[in-house]
Amino acid sequence: MLGIKPVLEVARQGRDLDDITLQDKDKSFSSERNTPKIYKSVVITRPSGVDEDTDYTTTLAHGLGYIPRFWHMIKVYDKWSHVGDAQPNYGSNTFSYVTVDNTNFNINLRAYTEKLQIFYMFDPLIDGTGNSIVYPNYPSIRVAKEGKDCDLDLPKDMHIDTLWNTPRVIKSGQLSITAPEDLMSYGSYHEVSYVHNLGYIPFFFPQIPTLTNLSTIYDGFANIPSVVDLNSLTDPTIASDDDMQSYELIYVQIDETELKISWWRENVWWEDDFPERTLTLDYTLYELALDEEFNLLT
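Residues numbered from 1 in each chain as written. Predicted model: local features only at pLDDT ≥ 70, side-chain atom pairs only at ≥ 80, totals over all residues. Heavy atoms only, no water.

**Thoughts on the environment of K115**
Put simply, the test is: A run of DSSP states H or I qualifies as a helix once it reaches four residues; a run of E qualifies as a strand once it reaches two. Both are numbered from the N-terminal end. Only heavy atoms matter for contacts: two residues are in contact if any of them lie within 4.5 Å across the pair. Any pair of N or O atoms that falls within 3.5 Å is considered a polar contact. Within protein, one atom must be able to donate a hydrogen and the other to accept it, and sequence-neighbouring residues count only if both atoms are side-chain atoms.
Along the chain, K115 turns up in strand β9 (residues 113–126). For the pair K115 and L297, spaced 182 residues apart in sequence, the C-alpha separation works out to 23 Å. Contacts of K115, omitting those with residues within four sequence positions, involve V43, I44, T45, M73, I74, K75, W80, L109 and D291. Of note is the side chain of K115, whose polar atom sits 2.8 Å from the side chain of D291.

Right, here's the structure in full:
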């Protein structure tokens, strides 16, 4: 307990709460910080009657009465990833996506997307009054935000509410891969992975595309830096045919066994040189199983 308001905190391993210089990043838990509250997981699967090369759209009501936060991932070609399928040379946007308003999630599965999974949160993206809910009948710990009441207010008004699922970190780390200089070549393939062996597919960050074309991101093959931080790649623009003479394609995907970076370096029309280049990815795996549905309100 610290100060005039009760606070529950837990230090990370090797840290000490009695250390007056201890920073928030050195705490594994603090009741003063908002904890995401996931209450539902829904998997949207392409119906059997909808061809794989056809878009599929649907709407799901969340019933909260305000705009909530959410996480989502998609499954393409038997692996899970973020954003969508940014295939080059199609000449149009091919990303699957989710939008949300006060009432619904609006889902678009673009061609070749097999599934899309949404994790519903009580935490508001844009706050509102909110609709009343029926709480599960079992004990919980609730810590209200400033000016809110644990006995009266909604889960969105709590810093902590143990009735709902909390995203728990399994592993944080960095993947790094270096491709050597490759002279007068049509290209080469490289990969690196973190083998988690969980037996299920965990949600992961960062939210970078399933396919990134470095040549397009950096506006030309010659502009790609010698060290590329994949965490910074947030604009997966699709290249036209004219941009595709030399390119480097990056897939970041996960399955039941590993988180993998797959890297293709290709010259399309003739042999040419590739410089030495390094890719890095700082990642976090969460104890949230993809391809699994739940609803803690029922």
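Back to the text.
**What to know about the environment of S188**
Within the secondary structure, S188 sits in strand β14 (residues 187–195). Residues in contact with S188, not counting those within four places in the same chain, are D182, W263, W264 and R265. Of the polar contacts made by the side chain of S188, one reaches the side chain of H190; its length is 2.8 Å.

**Let's talk about the environment of L17**
Put simply, the test is: Between buried and exposed lies partly exposed: a residue is buried under 20% and exposed over 50% of the maximum accessible area for its type, with that area taken using a 1.4 Å probe on protein chains only.
As for its position among the elements, L17 is in the loop between β1 (9–11) and β2 (27–30). Taking relative accessible area as the criterion, L17 reaches 39% and is therefore assigned partly exposed. Note: C-alpha distance between L17 and L125 (108 residues apart in sequence) is 32 Å. Sequence-distant contacts of L17, defined by excluding residues within four places in its chain, comprise E9, V10, A11, L22 and K27.

**A few points about the nonpolar core**
This is how it is decided: Nonpolar cores were defined as sets of buried Ala, Val, Leu, Ile, Met, Phe, Trp, Tyr and Cys residues, with membership established by side-chain atoms within 4.5 Å.
By size, the foremost hydrophobic cluster in this structure holds 33 residues, and its most contacted members are F203, L230, V252, I254 and L279. Of all the secondary-structure elements, those providing two or more residues to this core are β5 (67–76), β9, β12 (169–179), β15 (201–205), β18 (246–254), β19 (258–267) and β21 (277–290). Looking at this core, the element that brings in the most residues is β21, giving seven residues. Those residues within four positions of V252 in sequence are excluded, and the remaining contacts are W80, S81, F204, I208, P209, T210, L230, L259, K260, I261 and L281. In this structure, V42, I74, I107 and L109 belong to the second largest nonpolar core, which totals 21 residues.

**Details of the pattern of salt bridges**
For clarity, the cut-off: In what follows, salt bridge is the name for a side-chain nitrogen of Lys or Arg lying within 4 Å of a carboxyl oxygen of Asp or Glu.
For the structure on display, the rule yields 15 salt bridges. For K79, the salt bridge goes to D255, with nearest N and O atoms at 2.7 Å. Placement of the pair is K79 in strand β6 (residues 79–81) and D255 in the loop between β18 and β19, with a sequence separation of 176 residues. The buried category is assigned to D255, whose relative accessible area is 13%. For D291, the salt bridge identified is with K115, shortest N-O distance 2.8 Å.

**A short note on unusual backbone geometry**
Cis rather than trans, the peptide bond between F205 and P206 has omega equal to 15°. Along the polypeptide, P206 turns up in the loop between β15 and β16 (211–213). We note that Y77 has phi near 55°; this positive angle belongs to a residue other than glycine. Along the chain, the position of Y77 falls in the loop between β5 and β6.

**Concerning the sheet that holds strand β8 (residues 104–109)**
Put simply, the test is: Only strands joined by at least two bridges in the DSSP assignment are considered to pair. Here the axes come from fitting lines to C-alpha atoms, over the contacting stretch only for helices, and the angles between their N-to-C directions go from 0 to 180 degrees.
Taken in spatial order, the three strands make up an open sheet running β4-β8-β7, and their pairing is antiparallel. What marks the edges here is a single partner per strand, and that holds for β4 (56–61) and β7 (97–100). The average angle at which neighbouring strand axes cross in this sheet is 15°, direction not considered. Inspection of the sheet shows β4 paired to β8 by six bridges, in the antiparallel sense. Considered in β8, the bridge of L60 is made with F105.

**A short note on the confidence of the model for the protein**
Here is the rule we go by: Predictor confidence is given residue by residue as pLDDT, running from a minimum of 0 to a maximum of 100.
The share of residues in the protein with pLDDT of 70 or more is 91%, and the mean pLDDT across the chain is 86. The low-confidence segment residues 86–92, where pLDDT is below 50, has 21 contacts with residues more than four positions distant or belonging to other chains.

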